[in-house]
Amino acid sequence: MSDDALFEFLCRMGDNTLVLGHRVSEWCGHAPVLEEDIALANTALDLIGQTQMWLGLAGEIEGKGRSADDLAMRRDVWDFRNILLVEQPNGDFGQTMMRQFLFDLWHLEMLKALSGSSHDRVAAIAAKSVKEVQYHVERSGDTVIGLGDGTSESHRRMQAALDLLWPYVGEMFVPDHIDAQMSEAGIAPDPGELRATYDARLAEVMTEATLTIPDSGFAHKGGKSGMRHSEHLGHMLTQMQWLQRAYPDATW
Amino acid sequence: MSSPNSAYPDTPETQTRPKRHEWPLWEVFIRGQHGMSHRHVGSLHAPDEEMAIKNARDVYTRRNEGVSIWVVEARHIAASSPSEKGPLYEPSESKVYRHPTFFDIPDEVGAM
């Protein structure tokens, strides 16, 4: 296992939480009710906190003196390694919560597996994050059920959100050469192994939410390899990175 | 300000809109540490009791304030009426002997 592969893997973990954390933070001050506004802000802050740990470690492993901030604010689209799901726009509140649940469910299983990583620092970050994510998935799952099995309007929107986001689920489970090196070294699980638990739990929640999982295995890919991000990521980065782009090295 | 429809008394003045269904109001009680009692910290809206606890967690315990949360729907709380405060509370004002301040408490007992 090379340090390059570990760096790639850590960027994947950190970029997922960074991009989703920023997306969720876009709701701050705009959520439909005050309670959800605060809950979403808490989730965003949890994810940004996890980002600091993942990208901080990534910078150390890389050994070129780059900090978590450097990695977050000074890379362009093609250097990002997040999955395509998390960069998708918020849409309406239902679409945001559906995206959150589809990610949280994977994130929890991933972190549980990483808690037993052969790499001590990876295991420690995962163990700290897993409690936060346990709560995220409970909350997003309950909201998906509440809105899916709600009014005809909320049901329609949640089904539309699931149909829209479903093609982005598969990427989380497709292994590549980085994943192979990680699982060989006992650092991370083969992502394919997480699929059975994910599908079982997903089916339970969607049944309770009276939503239909699309009958399609098609999966967009190109996010975690960085080969083909969707157009949305670049737009998001122009906002997120604006300050460091306009005023490099600006500090508080 | 005159109503736009005042020339047409048979026309309802406002269009009938579907009633906005607010989530019920919940009162939140948090226990700060083991051994203390739950204290009222505020209120919030939520569709059901499970979401009320989750919302309370997010709104009231984000700075590590609590180890236990109670929620109760506000409509279930029976409260005394402010207009009755004379008969309810004034009679006890003149009964200072109900305060246990006439005993010497040994220093060893500490704070009571």
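Under an unreviewed UniProt entry, chain B has the name 1,2-phenylacetyl-CoA epoxidase subunit B and belongs to Sedimentitalea arenosa.

An unreviewed UniProt entry lists chain A under the name Phenylacetate-CoA oxygenase subunit PaaC, with Sedimentitalea arenosa as the source organism.

**Q** Could you give an account of the pattern of salt bridges, naming the residues involved and the relevant values?
**A** All names here are of chain A. For the structure shown, the criterion picks out 22 salt bridges over all chains. The salt bridge partner of Arg157 is Asp92, with a shortest N-O separation of 2.9 Å. Of this pair, Arg157 sits in helix α7 (residues 152–165) while Asp92 sits in the loop between α4 (84–87) and α5 (93–114), and the two are 65 residues apart along the sequence. Judged by relative accessible area, which is 37%, Arg157 ranks as partly exposed. Put simply, Arg12, Asp176, Asp179 and Lys224 are held in one network by salt bridges that share partners.

**Q** Pulling in residues and values, what's your account of the interface of chain B and chain A?
**A** Taken together, the contact pairs 11 residues of chain B with 12 residues of chain A. Taken together, both faces of the contact between chain B and chain A bury some 1,100 Å²; the carbon and sulfur share is 52%. For chain B, the biggest contributors to the area lost against chain A are Lys54, Arg57 and Asp58 of chain B; these three give 43% of the whole. Between the two partners, chain B and chain A, sit 3 salt bridges. With a shortest N-O distance of 2.7 Å, Asp142 of chain A and Lys54 of chain B are connected by a salt bridge. For the interface between chain B and chain A, the tally reads 8 residue pairs in polar contact (both at pLDDT 80 or more).

**Q** Run through the nonpolar core, naming residues and quoting values.
**A** Within the largest apolar cluster, 74 residues are counted, with the highest numbers of intra-cluster contacts made by Met98 and Leu114 of chain A. In terms of residues, this core owes the most to one element, α5 of chain A, which gives 12 residues. Dropping the residues within four chain positions of it, Met98 of chain A is found in contact with Val144, Met158, Ala161, Leu162, Leu165, Met206 and Leu211 of chain A. Within the second largest apolar cluster, 10 residues are counted, among which are Val28, Ile30, Leu44 and Ala46 of chain B.

**Q** With reference to specific residues and values, describe the packing of aromatic side chains.
**A** Residue and element names in this part refer to chain A. A full pass over the atoms with the stated rule returns 4 aromatic pairs over all chains. Where Trp27 meets Phe93, the ring centres are 5.9 Å apart and the plane angle is 90°; that geometry is what we call edge-to-face. Of this pair, Trp27 sits in the loop between α1 (3–25) and α2 (34–62) while Phe93 sits in helix α5; the two residues are 66 residues apart in sequence, bridging distant segments of the chain. On the basis of relative accessibility, which here comes to 11%, the residue Trp27 falls in the buried class. On the basis of relative accessible area, Phe93 is assigned to the buried category, the value being 15%. Consider the rings of Phe103 and Trp106, whose centres lie 5.7 Å apart with planes at 45°: the pair is tilted. With Phe103 and Trp106 both in helix α5 and 3 residues apart, this pair spans about one turn of that helix. We note Arg75 situated over the ring of Phe80; from NZ or CZ to the ring centre the distance is 4.5 Å.

What counts, and at which threshold
- Residues numbered from 1 in each chain as written.
- Chains lettered and ligands numbered in written order.
- Predicted model: local features only at pLDDT ≥ 70, side-chain atom pairs only at ≥ 80, totals over all residues.
- Heavy atoms only, no water.
- Salt bridge = Lys/Arg side-chain N within 4 Å of Asp/Glu carboxyl O.
- Helix = DSSP H or I, 4+ residues; strand = E, 2+ residues; numbered from the N terminus.
- Buried < 20%, exposed > 50% of the residue type's maximum accessible area, 1.4 Å probe, protein only.
- Contact = heavy atoms within 4.5 Å.
- Buried area = accessible area lost by both parts, 1.4 Å probe.
- Polar contact = N/O pair within 3.5 Å; in protein donor to acceptor, adjacent residues only side chain to side chain.
- Core = buried A, V, L, I, M, F, W, Y, C linked by side-chain atoms within 4.5 Å.
- Phe/Tyr/Trp six-rings, centres within 6.5 Å; stacked < 30°, edge-to-face > 60°.
- Lys NZ or Arg CZ within 6 Å of the ring centre and 35° of its normal.

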